[in-house]
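# Observations on chain architecture
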Amino acid sequence: MAELNEAELNKAELNENLDLVVTARRLVTPEGVRPGRVLIAGGRVLAVEDVDDADTVPASVPRMDAGDHYVLPGLIDSHVHFRTPGLTHKEDWEHGSRAAVAGGFTTVMDMPNTVPPTLTEEAVREKAAMIAGHSLVDHRFHIGLDPERPELLATLDPEVATSAKVFMAGHHTAPTVVRDPVALEKAFVAAAEGGVQLVLHAEDDLLFQLLDGWWGDPENYREYEARRPRSGGIAAVARVIELVRRHGTRAHILHLSSAEEADLVSAARAAGLPVSFEVTGHHLSFTDEDTKRLGARTRLSPSIRQQADQDRLWEALRSGHSATIGSDHAPHTVEEKTQTVQKSPPGLPGVQELAVGVWTGMRRRWPDENPDVAVARLVRHLAEGPADLFRLPGKGRIVPGADADLVFFAPDATWMLSAHDVRAKCGWSAYEGWTMTGRVERTLRAGKVVWDAATGEFGDCDGRWLSCAPAAVETEGV
């Protein structure tokens, strides 16, 4: 028998360790969409091969063929509220992570406005311990800014968190609002010193209080958008940009809602400032006319705005001005949402609906666009972008060394979303009755199936709290 050369020996050794081979005609890689094979072992991608390469994988290794479906990297939602601790009557990690994997998400970043709020390193660790064994997705946490102690961000342990949520305006579940301009600036200084990424609900709470004192409470949803006007967001975003310019702090504006805000942040970024913004599926999918019709179902904070604003956000997505898309998955019970206009809380579920909702919108707005171009945009905003912005090693790309998180996506499937499909604990969706284009058929995390649409079955709740430590594994291209 002829002796094996070094390359053949390495290949033979690799094949002995394989757990799974995924074959796809439309594999979405950083280099583009192409046919390929993903070789998986130990929960990671060992290699990405061309299908024209000789298939030397032993027949005993399990295989999955994605057929004509796209195979995407596992998606990342950097903005969810899974309500643990203290608010689990409306969402919990079992249900929230089920909604996530059914929507193609294998990693989420959870917000700190819980009961009690997650404002300290100890609270983050306690939260991680509560969730262990209950999550289908890998996860990281945004710590909350304590308005009384903004200086804590300067010494935040990066192994616990690398980002901090700042509420510049309040609502029903936002107990730690920064109203004092001095405290806000201290937070920017401390975050810059500690290398912390700020994520901000950027609306001016004092401006809203002034207007509320003049107008009084809204009596119906026809008035809702006007009572939480764009001026609040524009004023707050302008303040954030000035603080970024002054201190060099990295800042990411969440759920940006108006055309003017998009222009301001895009101009600041073009000028070299480290500021970026997120758009949400809700602001891309609905307008204030929907809120007038649907009422509490689409009551958000910031409010959903007018058609021209929605058009500008879609343009930001198409041009790449926006950095990420988030769901702002924030479920409430039906009983909570059907209170009076004054008492009904803002927020709606959305992690399950996010990718398919945005895909549906892209295919309707730009029907002649090459779907490979469209899917690359989806991956850029829902995988690569958040992985880069929040420094998530091993996530966001299908490359050797990355976590074997994969999504089988049927781009042309047409289906109608009903309450029966909703996996969130609240049991309802603002998208009920929508005819969707595109469906997540299967989701793999760490090389194992965690969602199969054909059977309706979920996998094991062994999602990991992702370490932020600098020693995290390096991956090629990640």
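Residues numbered from 1 in each chain as written. Predicted model: local features only at pLDDT ≥ 70, side-chain atom pairs only at ≥ 80, totals over all residues. Heavy atoms only, no water.

Per an unreviewed UniProt entry, the protein carries the name Dihydroorotase family protein and comes from Streptomyces abikoensis. According to the UniProt record, the Function (unreviewed entry) comment for the protein is "Catalyzes the reversible cyclization of carbamoyl aspartate to dihydroorotate." Under Sequence similarities (unreviewed entry), UniProt gives the following word-for-word description of the protein: "Belongs to the metallo-dependent hydrolases superfamily. DHOase family. Class I DHOase subfamily." (UniProt positions renumbered as here; feature names shortened; annotations may be inferred.)

We now examine the packing of helix H7 (residues 230-247) against helix H8 (residues 259-270). Two elements in contact, H7 and H8, have axes whose closest approach is 9 Å; the angle formed by their N-to-C orientations is 10 degrees. Comparing the axis directions of H7 and H8 gives the class roughly parallel. Where H7 abuts H8, its residues Arg-230, Gly-233, Ile-234, Val-237 and Ile-241 lie against Ala-259, Glu-260, Glu-261, Leu-264, Val-265 and Ala-268. Residue composition of the contact of H7 with H8, by class: 7 nonpolar, 1 polar and 3 charged. (Axes fitted to C-alpha atoms, helices over the stretch in contact; angles between N-to-C directions. Helix = DSSP H or I, 4+ residues; strand = E, 2+ residues; numbered from the N terminus. Parallel < 35°, antiparallel > 145°, perpendicular 65-115°, else oblique. Contact = heavy atoms within 4.5 Å. Nonpolar A, V, L, I, M, F, W, Y, C, P; charged D, E, K, R; others polar.)

On to the nonpolar core, then. The biggest cluster of nonpolar side chains holds 93 residues, and the ones touching the most others in it are Leu-72, Phe-188, Leu-200, Val-240, Ile-253 and Val-358. Excluding residues that lie within four positions of it along the chain, Val-240 makes contacts with Met-168, Phe-188, Leu-200, Ala-202, Ala-251 and Ile-253. With 15 residues, the next largest nonpolar core counts Ala-24, Leu-27, Met-64 and Ala-404 among its residues. (Core = buried A, V, L, I, M, F, W, Y, C linked by side-chain atoms within 4.5 Å. Buried < 20%, exposed > 50% of the residue type's maximum accessible area, 1.4 Å probe, protein only.)

The next point concerns the pattern of salt bridges. Applying the stated criterion to the full structure yields 36 salt bridges. For the salt bridge of Lys-425 with Asp-92, the shortest nitrogen-to-oxygen distance reads 3.2 Å. With Lys-425 in the loop between strand S15 (406-416) and strand S16 (435-445) and Asp-92 in the loop between strand S6 (75-80) and helix H2 (93-102), this pair connects stretches of sequence that are 333 residues apart. The partly exposed category is assigned to Lys-425, whose relative accessible area is 34%. (Salt bridge = Lys/Arg side-chain N within 4 Å of Asp/Glu carboxyl O.)

Attention now moves to the sheet that holds S6. The sheet built from 3 strands is open, its strands ordered S6-S7-S8 with parallel pairing. Each edge of the sheet is formed by a strand with only one pairing partner; in this case those strands are S6 and strand S8 (138-141). For this sheet, the mean angle separating the axes of adjacent strands, direction not counted, is 20 degrees. Packing of helix H14 (residues 371-389) onto the sheet brings it into contact with S6 and strand S7 (105-110), and relative to S6 it is tilted by some 65 degrees. (Pairing = 2+ DSSP bridges.)

A few words now on the packing of helix H13 (residues 354-365) against H14. Relative to each other, H13 and H14 sit at 145 degrees, their axes nearing to 11 Å. As H13 packs across H14, the resulting crossing turns out to be right-handed. Contacts between H13 and H14 involve Leu-354, Ala-355, Val-358, Trp-359, Met-362 and Arg-363 from the former and Pro-371, Ala-374, Val-375, Arg-377, Leu-378 and Leu-382 from the latter. (Left-handed = near helix turned anticlockwise from the far one by under 90°.)

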